Amino acid sequence: MQRDYENASDAALVVSIGRYNQDALAEAYRRHAGAVFGLAKRLLTDHARAEEIVQEVFVRLWNEPTRFDPERGTLRSFLLANAHGRSVDMIRSDVSRRRREEREASQTAEAGYDVAHEVWDLALASHVRDAMHVLQDGERAAIELAYFGGMTYREVADRLGDAEGTVKSRIRSGLKKLRRELTRTGVSMGRGA
């Protein structure tokens, strides 16, 4: 027998919600969702986030209907208190996140974002790429794998199928050639020189 929830009291709705009656939850939602949304929207000034609060409040009512005590107030005041608390939590979380992001950005800036350093690094990288043409194929491959590929001497040797000593020797001679070529083109290896 279908119960007429439109005429039921809020307390009776909550009892039925506690028995997992979806029609009772739908009626509670119909009665109070607008007020819950209005409060959340006023506090958060964001339509989507206010809808999220409404959903959380009614899911919580569905999952924990015994938290509502009709002797302490109306269902509407209970739902509004939940919406208020959840909205304030969301605002505090946003403020904390913003402060953390600002602090991290400030620390990054203080830690040395240096435009001159960035420009120097980019220019040097360009010169190094241009200077790589003076290297023999074996030297170029070994240097690219070790310095640009992040491999160890042993990994480079395995990749190229050469002895580790041969790879070290090629890297050493290749770096000397690179230094000479960079110096010849006017690139000083000391920063700011």
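A quick note: this is a predicted structure, and the numbers were derived from the prediction, not measured.

Some points on the overall build of the chain
(1) Moving on: On a plain count of helices and strands, the chain comes out with 8 helices and 0 strands.
(2) Moving on: Per-residue burial over the chain gives 29% buried out of 193 residues.
(3) Moving on: Taking the intrachain contacts of the chain between residues at least 6 apart in sequence as the baseline, contacts between residues at least 24 apart amount to 55%.
(4) Moving on: Of the roughly 12,900 Å² of accessible surface on the chain, 49% is carried by carbon and sulfur atoms.

Comments concerning the packing of helix α7 (residues 153-160) against helix α8 (residues 164-184)
A pair of packed helices is characterised by two quantities: the angle between their axes and the separation of those axes.
(1) Moving on: One can describe the packing of α7 onto α8 by two numbers: an axis separation of 8 Å at closest approach and a directional angle of 105 degrees. Taken as axis vectors, α7 and α8 run roughly perpendicular relative to one another. Counted together, Tyr-153, Arg-154, Val-156 and Ala-157 of α7 and Glu-164, Val-167, Lys-168 and Ile-171 of α8 form the full contact between these two elements.
(2) Moving on: Looking at the contact of α7 with α8 residue by residue, the classes come out as 5 nonpolar, no polar and 3 charged.

A few points about the nonpolar core
(1) Moving on: One finds Phe-58, Leu-61, Leu-75 and Leu-79 to be the most contacted residues of the largest nonpolar core, which totals 27 residues.
(2) Moving on: Looking at this core, the elements with two or more residues in it are α1 (10-18), α2 (22-44), α3 (47-63) and α4 (75-110).
(3) Moving on: Here the element with the most residues in this core is α2; it accounts for 8 residues.
(4) Moving on: Among residues more than four places away in sequence, those in contact with Phe-58 are Leu-25, Ala-28, Tyr-29, His-32, Ala-33, Val-36 and Leu-79.

Brief notes about empty space enclosed by the protein
(1) Moving on: All told, the structure shown has 1 cavity of 30 Å³ or more when counted by the stated rule.
(2) Moving on: Along its surface, the largest cavity is lined by Val-57, Arg-60, Leu-61, Glu-64, Arg-67, Phe-78, Leu-79 and Asn-82.
(3) Moving on: Of all the secondary-structure elements, those providing two or more residues to the lining of the largest cavity are α3 and α4.
(4) Moving on: Broken down by class, the residue content of the lining of the largest cavity amounts to 4 nonpolar, 1 polar and 3 charged.

Some points on the pattern of salt bridges
Oppositely charged side chains can form a pair if their charged atoms are brought close together.
(1) Moving on: Counting across every chain of the model gives 15 salt bridges.
(2) Moving on: The residue Arg-31 makes a salt bridge to Asp-10 at a minimum N-O spacing of 2.7 Å. Residue Arg-31 is located in helix α2, and its partner Asp-10 is located in helix α1; the two are separated by 21 residues in the primary sequence.
(3) Moving on: A salt bridge links Arg-170 to Asp-162; the nearest nitrogen and oxygen atoms lie 2.5 Å apart.
(4) Moving on: We classify Asp-162 as partly exposed; its relative accessible area is 26%.
(5) Moving on: Connected through salt bridges with shared partners, the residues Asp-10, Glu-27, Arg-30 and Arg-31 form a single ionic network.

Considerations on α8
An α-helical turn contains 3.6 residues, so any two residues separated by three or four positions project in the same direction.
(1) Moving on: Here α8 spans 30 Å end to end across 21 residues, near enough to the 30 Å set by a 1.5 Å rise per residue.
(2) Moving on: Buried within α8 we find Val-167, Ile-171, Gly-174, Leu-178, Glu-181 and Leu-182. Buried positions in α8, seen along its axis, are confined to an arc of 95 degrees and lie on one side of it. In α8, the exposed residues that point more than 90 degrees away from the buried face are Arg-172, Lys-176, Arg-179, Arg-180, Thr-183 and Arg-184.

Reading the values: the criteria
Residues numbered from 1 in each chain as written. Predicted model: local features only at pLDDT ≥ 70, side-chain atom pairs only at ≥ 80, totals over all residues. Heavy atoms only, no water. Helix = DSSP H or I, 4+ residues; strand = E, 2+ residues; numbered from the N terminus. Buried < 20%, exposed > 50% of the residue type's maximum accessible area, 1.4 Å probe, protein only. Contact = heavy atoms within 4.5 Å. Areas by Shrake-Rupley, 256 points an atom, 1.4 Å probe, with all protein chains shown as cover. Axes fitted to C-alpha atoms, helices over the stretch in contact; angles between N-to-C directions. Parallel < 35°, antiparallel > 145°, perpendicular 65-115°, else oblique. Nonpolar A, V, L, I, M, F, W, Y, C, P; charged D, E, K, R; others polar. Core = buried A, V, L, I, M, F, W, Y, C linked by side-chain atoms within 4.5 Å. 1 Å grid on protein atoms, 1.4 Å probe; cavity = no way out; pocket = protein on both sides within 12 Å on 5 of 7 lines; lining within 4 Å. Points joined across faces, edges and corners; volume = space filled by probe spheres on them. Salt bridge = Lys/Arg side-chain N within 4 Å of Asp/Glu carboxyl O. Expected span 1.5 Å × (residues − 1). Arc of directions from axis to C-beta.

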